[in-house]
Amino acid sequence: MKKLLLFISLVSLLVCLSSCGVKIESVSLKETEQTIIIGDTYQIACTVVPAEAQSSLEWSSSDPSVAAVDDQGLVTAVSEGTADISVSVKDTVYAVCSVTVSPKEVTETAYITIDGMYVNEGYRDNNNEALRLVYLAYTVKTSDQNLSVSDKTIKLSVNDTNQYFAEHIPGANYAMNSYYYSSYIEDVFSGTELKVLGTFKIPANELNPGNVFTFSCNEIPETEKLRCLSDSLKTFASQEELAKTVDPEGFKEEQRKMEDADDALTDTVKSSINGYRWSFFVNSITYQLEFFAPNRFQLTTAIANNGGTYSVKKGYVIISYSNSDNSVKIPYSFKDDGSLDLHVTEAFDVAR
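Quick notes on the rules
Residues numbered from 1 in each chain as written. Predicted model: local features only at pLDDT ≥ 70, side-chain atom pairs only at ≥ 80, totals over all residues. Heavy atoms only, no water. Pairing = 2+ DSSP bridges. Helix = DSSP H or I, 4+ residues; strand = E, 2+ residues; numbered from the N terminus. Axes fitted to C-alpha atoms, helices over the stretch in contact; angles between N-to-C directions. Phe/Tyr/Trp six-rings, centres within 6.5 Å; stacked < 30°, edge-to-face > 60°. Buried < 20%, exposed > 50% of the residue type's maximum accessible area, 1.4 Å probe, protein only. Lys NZ or Arg CZ within 6 Å of the ring centre and 35° of its normal. Core = buried A, V, L, I, M, F, W, Y, C linked by side-chain atoms within 4.5 Å. Contact = heavy atoms within 4.5 Å. 1 Å grid on protein atoms, 1.4 Å probe; cavity = no way out; pocket = protein on both sides within 12 Å on 5 of 7 lines; lining within 4 Å. Points joined across faces, edges and corners; volume = space filled by probe spheres on them. Salt bridge = Lys/Arg side-chain N within 4 Å of Asp/Glu carboxyl O. Disulfide = S-S within 2.5 Å. Arc of directions from axis to C-beta.

**A look at the sheet that holds strand β2 (residues 33–37)**
Paired through backbone hydrogen bonds, the strands of a sheet run either parallel or antiparallel to each other. One open sheet accounts for four strands, arranged β2-β9-β8-β5; its pairing is mixed. Since the sheet does not close on itself, it has two edges, and those belong to β2 and β5 (58–61), each with one partner. This sheet shows a mean twist of 25 degrees between the axes of neighbouring strands, independent of strand direction. Strand direction decides the pairing type here: β5 and strand β8 (residues 81–89), joined by four bridges, are antiparallel. Bridging from a neighbouring strand, Trp59 pairs with Val87 of β8.

Right, here's the structure in full:
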């Protein structure tokens, strides 16, 4: 009987020792790097073998003032910076996750609101394949002073290091007519607002998660207070998809203007342009554009002569060159007296 009791006691001791000190085979983290925003939390996913050893894990932060961690691996972002979150067992470190804490986004001041930042993945620069086309859509508003802006007004910096200037790229605002996109200065008077589009060519690696975008502008007060995160960038496969999402009303209007005109509208437009010539000066070039029945045109400049055919849409007269696949969309509208206004300078001006 004594031998049986002794055996039972030994078995109980072994069971207790096993449960209190399970031998750990491996500890791994799903991610070894993570970026979170001040005030947010992030649960680090940890895999332990054997699973019953989970309770023996100890979590610690190299800098709790930047990122604090509880005993379950839940990280809380406290302030801007970087901290290493370690998981250990009895002072033996098994895995580390480097956590970068980014500042909160600031997208609005008294004078400007960032509507969004977008990437057109369908764009490729002819001179540098690494560059991506980034859109900054914003609204300028003012209640106490008059402002003057253009699509080149704002400068953008990445991590307060590399600076990029807005560039005007003809056609980059396709179907986004709700936003002002022109290199010409536009006044925003006190008590009014204006939606503006800025486009930047930025290397693809600058758009990786964890980067911070800041802005500067002499013409718009408080722009330097704005701050956006690359994690918030929205990427689109094409300009059309971008426009459809960012400016749905502008996209619908563009689609309408590109529809074929009916017979009555076509006859009205043709009778207003056939036999007439438009002479205009834009981009340091003098143009002469003349239309002939039934649907032909001739364009003359100091550089070359081109001709071809034209078609009438609900909002455009589209001229197509006979010696190339190129075409130009010329907007038109009707004045109060019913006469047609053909916006030739708008069509040929590369700054618009």
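**Comments concerning the sheet that holds strand β19 (residues 234–236)**
One open sheet accounts for four strands, arranged β16-β11-β10-β19; its pairing is mixed. Strands with a single pairing partner mark the edges of an open sheet, and in this sheet they are β16 (193–203) and β19. Pairs of neighbouring strands in the sheet enclose a mean axial angle of 25 degrees, with direction left out of account. Relative to β16, strand β11 (residues 131–141) is paired through eleven bridges, and the arrangement is antiparallel.

**Topic: unusual backbone geometry**
With omega at 0 degrees, the peptide bond leading from Val49 into Pro50 counts as cis. When you line up the elements, Pro50 lands in the loop between β4 (46–49) and β5. Residue Pro294 is reached from Ala293 by a cis peptide bond, and omega for that bond is 0 degrees. Relative to the elements of secondary structure, Pro294 occurs in the loop between β21 (285–292) and β22 (296–300).

**Things to note about the packing of aromatic side chains**
Considering all chains together, one arrives at eight aromatic pairs under this definition. On the numbers, 5.6 Å between centres and 40 degrees between planes, the contact of Phe280 with Phe348 is tilted. Placement of the pair is Phe280 in strand β20 (residues 277–282) and Phe348 in helix α5 (residues 344–348), with a sequence separation of 68 residues. Taken as a pair, Phe280 and Phe348 share a single burial class, namely buried. Measuring from ring centre to ring centre gives 5.3 Å for Phe291 and Tyr310, while their planes differ by 85 degrees; the resulting arrangement is edge-to-face. Of the two residues, Phe291 sits in strand β21 while Tyr310 sits in strand β23 (residues 305–312), which places them 19 residues apart along the sequence. Pair check on accessibility: Phe291 and Tyr310 agree, each one buried. An aromatic cluster of three or more residues is present, and its members are Trp278, Phe291 and Tyr310. One cation-aromatic arrangement involves Lys329 over Tyr316; the distance from NZ or CZ to the ring centre is 4.8 Å.

**Some details on the nonpolar core**
Nonpolar side chains in soluble globular proteins generally cluster together in the buried interior. In terms of nonpolar packing, the biggest core is built from 30 residues, with Met117, Leu156, Phe213 and Phe215 touching the most fellow members. Mapped by element, the contributors of at least two residues to this core are β10 (112–120), β11, β12 (147–149), β13 (155–158), β16 and β17 (212–216). For Phe215, the residues in contact, after removing those within four places along its chain, are Ile114, Met117, Leu136, Ile154, Lys155, Leu156, Thr223, Glu224, Leu226, Arg227 and Cys228. Ala67, Val75, Ile85 and Ala95 belong to the second largest nonpolar core, which has 24 residues in total.

**Details of the layout of surface pockets**
The space that makes up the largest pocket amounts to roughly 750 Å³. If you trace the largest pocket, you find 24 residues lining it, with Gly171, Asn173, Glu346, Ala347 and Arg352 closest to the centre. Mapped onto the lining of the largest pocket, the elements with two or more residues apiece are α3 (248–257), β25 (327–334) and α5. Of the residues forming the lining of the largest pocket, the biggest block, four residues, is contributed by β25.

**As for the pattern of salt bridges**
Two side chains carrying opposite charge are able to pair once their charged atoms lie near each other. Taken as a whole and judged by the stated rule, the model has 15 salt bridges. When the shortest N-O distance is used, the salt bridge between Lys225 and Glu222 registers 3.8 Å. A residue is classified by how much of its surface remains accessible, and Lys225, at 48% relative accessible area, is partly exposed. Owing to a relative accessible area of 23%, Glu222 belongs among the partly exposed residues under this scheme. Taken together, the salt bridges that share partners define one network made up of Glu121, Arg124, Glu129 and Arg132.

**A closer look at the state of the cysteines**
This model, assessed by the stated rule, comprises zero disulfides. Unpaired in this structure, Cys46 has its nearest cysteine sulfur neighbour in Cys97, at a distance of 11 Å.

**Describing the pairing of β13**
Both faces of β13 are covered, namely the face carrying Lys155 and Ser157 and the face carrying Leu156 and Val158. In the sheet, β13 pairs with strand β14 (residues 162–165) via four bridges, with the strands oriented antiparallel. Paired with Ser157 across the two strands is Gln163, which belongs to β14. In textbook terms, the turn of a hairpin is the stretch between consecutive antiparallel strands, and for β13 and β14 this stretch comprises three residues, one of which, Asn159, has a positive phi near 55 degrees. Bridging between β13 and β17 involves four bridges; their strand directions are antiparallel. Bridging across to β17, Leu156 finds its partner in Phe215.

**Things to note about helix α2 (residues 239–246)**
Restricting attention to buried positions, one finds in α2 the residues Gln239, Leu242, Ala243 and Val246. Projected down its long axis, α2 shows its buried positions confined to an angular sector of 95 degrees, all on one face.

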